[in-house]
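Below are the chains, spelled out letter by letter.
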Amino acid sequence: MGERRIAWGPAARCRVLTAIGERFGRERPLEGLRIAACLHVTAETAVLMGALKAGGAQIALAASNPLSTQDDVAEALRSYDIAVHARAGVDRATYYRHIHQALDLAPDLVLDDGCDLVNILHTERTDLLGGVSGGCEETTTGIIRLRQMAAEGALRFPMVAVNDTRTKRMFDNRYGTGQSTLDGIMRATNLMLAGRTVIVAGFGYCGRGVAERAKGLGARVIVTEIDPVKALDASLQGYEVRPMESAALVGDLFITVTGNRDVIRAEHLALMRDGAILANAGHFDVEIDVRALEEMAVSLNQGVRPNTDEYVLADGRRLLLLAEGRLVNLTAAEGHPAAVMDMSFSAQALAVAWLAAERLNLAPGVYDVPEDIDVEVARLKLAATGIEIDRLTADQEDYLHSWRTGS
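Residues numbered from 1 in each chain as written. Predicted model: local features only at pLDDT ≥ 70, side-chain atom pairs only at ≥ 80, totals over all residues. Heavy atoms only, no water.

A. Structural detail: the overall build of the protein chain. In terms of helices and strands, the protein chain carries 18 helices and 15 strands. For the C-alpha atoms alone, the extent of the protein chain along its principal axes is close to 65 × 60 × 45 Å. A total of 407 residues make up the protein chain; the buried ones form 55% of that total. Taking the intrachain contacts of the protein chain between residues at least 6 apart in sequence as the baseline, contacts between residues at least 24 apart amount to 69%. Here the protein chain displays about 18,100 Å² of accessible surface, and carbon together with sulfur accounts for 50% of that area. Across the protein chain, the 42 positively charged side chains and the 55 negatively charged ones have centroids separated by 2 Å. (Helix = DSSP H or I, 4+ residues; strand = E, 2+ residues; numbered from the N terminus. Buried < 20%, exposed > 50% of the residue type's maximum accessible area, 1.4 Å probe, protein only. Contact = heavy atoms within 4.5 Å. Areas by Shrake-Rupley, 256 points an atom, 1.4 Å probe, with all protein chains shown as cover. Lys, Arg positive; Asp, Glu negative; His and termini not counted. Charge placed at Lys NZ, Arg CZ, Asp CG, Glu CD.)

B. Focus on the sheet that holds strand β6 (residues 158-161). Judged by pairing direction, the sheet is parallel, and its 7 strands sit side by side in the order β3-β2-β1-β4-β5-β6-β15 without closing on themselves. Taken across any chain shown, the strands that pair with only one partner, and hence form the sheet edges, are β3 (83-85) and β15 (365-368). Here the strands of the sheet are splayed against their neighbours by 20 degrees on average, with no regard to which way each runs. Relative to strand β5 (residues 134-137), strand β4 (residues 109-112) is paired through 4 bridges, and the arrangement is parallel. From the neighbouring strand, L109 faces β5, where its bridge partner is G134. Seen against the sheet, helix α16 (residues 338-358) touches β1 (34-39), β4, β5 and β6 and runs at an angle of roughly 160 degrees to β5. (Pairing = 2+ DSSP bridges. Axes fitted to C-alpha atoms, helices over the stretch in contact; angles between N-to-C directions.)

C. View of the packing of helix α6 (residues 92-103) against helix α7 (residues 116-123). Axis separation between α6 and α7 bottoms out at 10 Å; the angle between their running directions is 70 degrees. On the basis of the axis angle, α6 is roughly perpendicular to α7. Every residue of α7 that contacts α6 at Y95, Y96, I99, H100 and L103 is listed here: D116, L117, I120 and L121. Here the contact of α6 with α7 is built from residues that sort into 7 nonpolar, 1 polar and 1 charged. (Parallel < 35°, antiparallel > 145°, perpendicular 65-115°, else oblique. Nonpolar A, V, L, I, M, F, W, Y, C, P; charged D, E, K, R; others polar.)

D. Looking closely at α16. A rise of 1.5 Å per residue sets the reference length of α16, with its 21 residues, at 30 Å; its end C-alpha atoms lie 29 Å apart and thus fit the reference within 8%. Burial analysis of α16 places 17 of its 21 residues in the buried class, which makes it a mostly covered element. (Expected span 1.5 Å × (residues − 1).)

E. Expanded view of the sheet that holds strand β10 (residues 253-256). Spatial strand order, β9-β8-β7-β10-β11-β14-β13-β12: 8 strands in an open sheet with mixed pairing. Each having just a single partner strand, β9 (240-241) and β12 (297-305) make up the two edges of the open sheet. Relative to the sheet, helix α9 (residues 166-189) contacts β10, β11 (277-280), β12, β13 (308-313) and β14 (318-322), its axis offset from that of β10 by approximately 140 degrees. Against the sheet, helix α10 (residues 205-216) makes contact with β7 (197-201), β8 (220-224) and β10, and its axis sits at roughly 170 degrees relative to β7, the strand it touches most.

F. Summary view of the packing of aromatic side chains. A complete count under the given rule lists 2 aromatic pairs for this structure. Ring centres of Y95 and Y96 lie 4.9 Å apart, and the angle between their planes is 75 degrees; this geometry places the pair in the edge-to-face category. Classification of Y95 by relative accessible area gives buried; the value is 7%. A centroid spacing of 5.6 Å and a plane angle of 65 degrees characterise the contact between F203 and Y239, whose relative ring orientation is edge-to-face. Placement of F203 in the loop between β7 and α10 and of Y239 in the loop between α11 (228-236) and β9 is noted, with a sequence separation of 36 residues between them. (Phe/Tyr/Trp six-rings, centres within 6.5 Å; stacked < 30°, edge-to-face > 60°.)

Shown next, in the form of structure tokens:
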């Protein structure tokens, strides 16, 4: 079943990543390297793992979210001689045990999705730090944490900020998160968005994508923000901007996309309408204060729909929490479409190969993906979809690279 899921969807739609895997098979840029990864264990991730293995790597994979793990895919990867430590629906203790098991590989390189693996390396598995020569981080939240570690002098090896490529922010964060988040919400609730008031907390690339998709489906969208520039951007794009305390009074659906904790707190929950829906598409299960919701509730009706729990408050109001407050797009749906992950994982694969070649020349810190990798991914994607673009003439090249020519 897992092999069929991989072959039918991602393997057919991840045309760029598949081509990179074929190239890795010829060039073997990862020969002899051990890679520990903490990623969503999905069919798309399986294609990335296959490309890295084709490049010569030995791989141990743990899940970055227990509710997104596809068990049949995990089993299929094990048959490809990839050590997978993941199972759908495990508790928090087992989740962290799986990360430790992946680290037992004693990796040379690491791949992370949210910085949990890197955090454990620096706090609980410091005995392994001397052998790790670099890694890649794929999420906004993870990179925020890595930059904090680097600023404090705590980061012990170079990490590449794969999330910060132009292709990742545009294609994955904006279009991928926008579509997959609403896909998960509609699967969990069967909600019609037209005419509803949707509160989007956070107007970064992911929040922007969620707001655009919700607006396109006919919703009235209100944005909450802490960043004045992003708030101004949202306002100039036609969205109403309010603080959460005000938005809580009018929202039908709340979607957190910030990368921070306690975005929706007890004081906000106390103001919400009966039937309000709470979903998270940002960080781990901390953006919505689920503990406060549990303390406020007098009863809990679990599973009123798949991935939907109903909390009944003392005044009779009902608040619906989706996916336990975890990432709704990966828990209630299947994450980003394969065509989106094709670009993100292609950048990841090429960044890993670059890091394998350059890691011994890099000091500890957070590094951008080289621009030529970003451009190559976009070029390969255009070619795979049959799109042609213009090229500069010799005179245009000269004009752009010379300061001596006037207007």
